[in-house]
Protein chains: 2
Amino acid sequence: MTLADVAAMAKVDRAVVSRVVNDDPTLNIRPETRQRVLAAIKELGYRPNVTARSLRTARAHMFGLFIPDFANPVYAEIIKGAEAAAAALGCVLVTGSATGAGLGGYMDLLGPGRIDGLLLAGSGEDTGLIEQLDRAAVPWIMLNRRSPAVDRYVILDDERAARLAVGHLVGLGHRRIAHLAGPSGADTAQRRFAGYSAAMREAGLPDGPIAAADYTPAGGAAAMGSLLAGPHPPTAVFVANVASAIGAMERVREEGLEIPRQMSIVAVHDLDLASYLAPPLTTVRMPLEELGRRGVSLLNGLKPDDSVEEILAGPMALITRASTAPPPED
Amino acid sequence: MTLADVAAMAKVDRAVVSRVVNDDPTLNIRPETRQRVLAAIKELGYRPNVTARSLRTARAHMFGLFIPDFANPVYAEIIKGAEAAAAALGCVLVTGSATGAGLGGYMDLLGPGRIDGLLLAGSGEDTGLIEQLDRAAVPWIMLNRRSPAVDRYVILDDERAARLAVGHLVGLGHRRIAHLAGPSGADTAQRRFAGYSAAMREAGLPDGPIAAADYTPAGGAAAMGSLLAGPHPPTAVFVANVASAIGAMERVREEGLEIPRQMSIVAVHDLDLASYLAPPLTTVRMPLEELGRRGVSLLNGLKPDDSVEEILAGPMALITRASTAPPPED
DNA sequence: TTGTAAGCGTTATCAG
DNA sequence: CTGATAACGCTTACAA
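Calculation criteria
- Residues numbered from 1 in each chain as written.
- Chains lettered and ligands numbered in written order.
- Predicted model: local features only at pLDDT ≥ 70, side-chain atom pairs only at ≥ 80, totals over all residues.
- Heavy atoms only, no water.
- Pairing = 2+ DSSP bridges.
- Helix = DSSP H or I, 4+ residues; strand = E, 2+ residues; numbered from the N terminus.
- Axes fitted to C-alpha atoms, helices over the stretch in contact; angles between N-to-C directions.
- Contact = heavy atoms within 4.5 Å.
- Buried < 20%, exposed > 50% of the residue type's maximum accessible area, 1.4 Å probe, protein only.
- Least-squares fit on C-alpha atoms with pLDDT ≥ 70 in both.
- Phe/Tyr/Trp six-rings, centres within 6.5 Å; stacked < 30°, edge-to-face > 60°.
- Lys NZ or Arg CZ within 6 Å of the ring centre and 35° of its normal.
- Near = heavy atom within 4 Å.
- Polar contact = N/O pair within 3.5 Å; in protein donor to acceptor, adjacent residues only side chain to side chain.
- Nonpolar A, V, L, I, M, F, W, Y, C, P; charged D, E, K, R; others polar.
- Domains from an automatic or database assignment.
- Buried area = accessible area lost by both parts, 1.4 Å probe.
- Salt bridge = Lys/Arg side-chain N within 4 Å of Asp/Glu carboxyl O.
- Right-handed = clockwise from strand over helix to strand, strands pointing away.

Our next topic: the sheet that holds strand S12 (residues 317-319) of chain A. All names here are of chain A. The strand order across the open sheet built from six strands is S7-S6-S8-S9-S10-S12, with neighbouring strands paired in mixed fashion. Looking along the sheet, the strands with just one partner apiece sit at the ends: strand S7 (210-212) and S12. Within the sheet, the average angular offset between the axes of one strand and its neighbour, ignoring direction, is 20°. Inspection of the sheet shows strand S6 (residues 177-181) paired to strand S8 (residues 236-239) by four bridges, in the parallel sense. Residue pairing in the sheet places leucine 180 in a bridge with valine 239 of S8. Strands S6, S7, S8 and strand S9 (264-268) of the sheet are contacted by helix H10 (residues 217-229), whose axis makes an angle of about 150° with S6.

Residue and element names in this part refer to chain A. Along strand S4 (residues 140-143), one buried face is formed by Trp140 and Met142 and the opposite face, lined by Ile141 and Leu143, is buried too. Sheet topology places S4 next to strand S5 (residues 152-156); two bridges connect them, and they run parallel. Across the sheet, leucine 143 pairs through a bridge with valine 154, a residue of S5.

All right, on to the relation of the copies chain A and chain B then. Mapping chain A onto chain B calls for a screw motion: a turn of 180° about the axis and a shift of 0.1 Å along it, with 0.2 Å RMSD after fitting. A rotation of that kind, with that shift, is consistent with a two-fold axis. A high fraction, 98%, of the interface residues of chain A reappear at the interface in chain B, so the copies pair face to face through one surface.

The relation between two aromatic rings is expressed through the spacing of the ring centres and the mutual angle of the planes. The tally for this structure, following the rule as stated, stands at three aromatic pairs over all chains. A cation over an aromatic ring shows up here: arginine 152 of chain A above the ring of tryptophan 140 of chain A, its NZ or CZ 4.4 Å from the ring centre.

On to the protein's contact with DNA strand C. The full set close to DNA strand C counts 27 residues, and Asp13, Thr33 and Arg56 of chain A together with Leu3 and Arg56 of chain B are the nearest of them. One nitrogen or oxygen atom from the main chain of aspartate 13 of chain A is found 2.7 Å from a phosphate oxygen belonging to DNA strand C. Asparagine 22 of chain B places a side-chain nitrogen or oxygen 3.2 Å from a phosphate oxygen of DNA strand C. Mapped by element, the contributors of at least two residues to the surface near DNA strand C are helix H2 (14-21) and helix H4 (50-57) of chain A together with helix H2 (14-21) and helix H4 (50-57) of chain B. Partitioned by chemical class, the residues of the surface near DNA strand C number eleven nonpolar, seven polar and nine charged.

Residue and element names in this part refer to chain B. Strand order in the open sheet made by the six strands is S7-S6-S8-S9-S10-S12, with mixed pairing throughout. Each edge of the sheet is formed by a strand with only one pairing partner; in this case those strands are strand S7 (210-212) and strand S12 (317-319). Sheet twist, expressed as the average angle between the axes of neighbouring strands with direction ignored, equals 20°. Sheet analysis places strand S9 (residues 264-268) next to strand S10 (residues 282-285), joined by three bridges and oriented parallel. What sits directly across from valine 266, in S10, is threonine 282. In the packing of helix H8 (residues 158-172) onto the sheet, contacts are made with strand S6 (177-181), strand S8 (236-239), S9, S10 and S12, and the angle to S8 comes to roughly 170°.

Our next topic: the domain arrangement of chain A. Residues and elements named next belong to chain A. Structurally, chain A comprises domain 1 (57-156 + 289-312) and domain 2 (158-286). Taking the mean C-alpha position of each, domain 1 and domain 2 sit 30 Å from one another. Facing eight residues of domain 1, the contacting portion of domain 2 comprises ten residues. Interface area, domain 1 with domain 2, both sides summed: about 870 Å², of which 50% is carbon and sulfur. Considering only the side of domain 1, the residues that lose the most area to domain 2 are Val74, Glu77 and Leu156, jointly responsible for 49% of the buried surface there. For the interface between domain 1 and domain 2, the tally reads two salt bridges. Among the salt bridges present, the one from arginine 285 reaches glutamate 77, with a minimum N-O distance of 3.4 Å. Where domain 1 touches domain 2, the interface holds three residue pairs in polar contact (both at pLDDT 80 or more). Elements with a minimum of two residues in the side of domain 1 that touches domain 2: helix H5 (73-88) and S5. Of the residues forming the side of domain 1 that touches domain 2, the biggest block, three residues, is contributed by H5. When its residues are assigned to classes, the side of domain 1 that touches domain 2 shows four nonpolar, one polar and three charged.

This brings us to the pairing of strand S2 (residues 92-97) of chain B. Residue and element names in this part refer to chain B. Along S2, six of the six residues are buried, which leaves the element largely enclosed by surrounding structure. Neither face of S2 is open: one carries Val92, Val94 and Gly96, the other Leu93, Thr95 and Ser97, and all of them are buried. Strand direction decides the pairing type here: strand S1 (residues 62-67) and S2, joined by six bridges, are parallel. Its bridge partner being in S2, glycine 64 is matched across the sheet by valine 94. Handedness of the β-α-β unit built from S1, helix H5 (residues 73-88) and S2 comes out right-handed.

Our focus in this paragraph is the interface of chain A and chain B. Interfaces are often sized by the accessible area lost when the parts come together. At the interface, 43 residues of chain A touch 43 residues of chain B. Summed over both partners, the interface of chain A with chain B buries about 4000 Å², with 63% contributed by carbon and sulfur atoms. Taken as a group, Arg47, Arg114 and Tyr276 of chain A account for 18% of the area that chain A buries against chain B, more than any other trio of residues on that side. For the pair chain A and chain B, the interface holds zero salt bridges. At the junction of chain A and chain B, the tally comes to seven residue pairs in polar contact (both at pLDDT 80 or more). Elements represented by at least two residues in the side of chain A that touches chain B include exactly H4, H5, strand S2 (92-97), H10 and helix H11 (242-254) of chain A. Along the lines of polarity and charge, the residues of the side of chain A that touches chain B split into 22 nonpolar, 15 polar and six charged.

If you want it as structure tokens, here you go:
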């Protein structure tokens, strides 16, 4: 079913059909002719061949989003926002993850004209990939990751999130507040740490003990172990990530401490899951969906050389659940 | 950078370049000519235009996978397997989810030649979509879902999973074993229920109480409430899904019952998460990654009219953790 | 108001 | 051994 078939049936030229299909506003057509064309389209069940169209127009109406790992539920929300934004633009969003081969394998297939832009979420800085993207002139933006060498990113206000969390603990009366940080390589972790430090300073409190972990339950458990081992264990911990918090809570229980009576815990990212932990976890809700949405919006119409530097303040909120309470009387 | 540029530089015809690029085995070329071509390709940084190639060959080297929701971690494993299988075939796999608009919105862009096949995971039976796919002659397979009207699916052996779980509980000495089932509309839920029933019968036990829930924590909590409300509450529950199990466990705790001393729980799907619940959850590990892999393998080379009916036995295992124990002495 | 024609970058089938 | 040439299905000036 091609344009030619429709044209033949409607007894007009392919050009006319094309312009009808695309609602060309400069087309001045007799209503009856348009009807004939529309009827033929319906009759034949014609659908434009997107590949041919892409080749001709050098527009794919398709954006891509790469994430490190689908198992991380944080990305589910980002994807949701990005898909919605793409749909609003009449485009599709396709998502892929960096498997063993890295993203490089995708590049062979994501050449020019095949995709209109790429969102790189959390995949560190695969310089080889970026170089290839630039050569192919496909626009890209880093999502939720910033790196010194790059002037194209959208990130969240992680510092503010940390301040919210620490402020909550301080407000409850805690003074020995530890930080279970993210991996030092992740810039989100760095910003959350900076926010923690600033908030402690502003509250007139000294930094508590600090331990870094990757964003996994196992890492969180280990780090929590070292936080508890010190001479003056904290009464509250600000955890940089909800996955780590799951492991951390388990470790606290293993040590025979009760949450929140003897240990308060608050973490970044409010996932469904948080409300089903034991006890339900107090979190900072980040505008992840908004992040995905904004990423696609910015990507749309971005020139390969434009720079984008945006820190999304967005709606951010402390979700108070049962894992935080005033510190024990001593 | 097109074939023509390379051809000009190497002083050969585009056709020659094309066949060098594609390693055409029927090409008989002088080594020095080939070197010239290769050098020009490198020099110019030429990369084939995938869109043009797709238009010409009617092959996209791209498969699609549609899932209902990225937040469901079950799909993360499926995607992982599917991406790996696609990569092994030199193709990419792109994943999308059914947002408000349903998958229909994608179809405009996933026309013929743009995608070589589609895996439909768990998205019920969107008949409109399937009709469109068939018209566009793009092969598709249902993944982890079977429906009477459809002879193209790959599913897991849910019955066997249920038998494993129930067998474990029976082995521990339980006799009053309830089933917290999935939504009656889901065929996975039906098969798990069938397996439960069969296993109970074979063990000489009567069906225990049964309550259905959607595959969410909230649903699981409610259903567990009704299981506990009966006159002879069970000593163990086989839960059809790990998300429900999370809610169910919470509800059991709220009722003041201790897991596993007073209530054993085993659920289908072994997610990372399961080992971080309190207590760690005994599960049946399903070959989800294998499911994704198999889906892509079958899709590859599938003719639009071929039928595929496969029940993946795959590696399946009971992962014993702390949520199951012998029943109380009474 | 509609038709003509020249591509978009490839690949496949012939010739030579 | 290599070069012409005709598609693939569509868009878009421009001509009629």
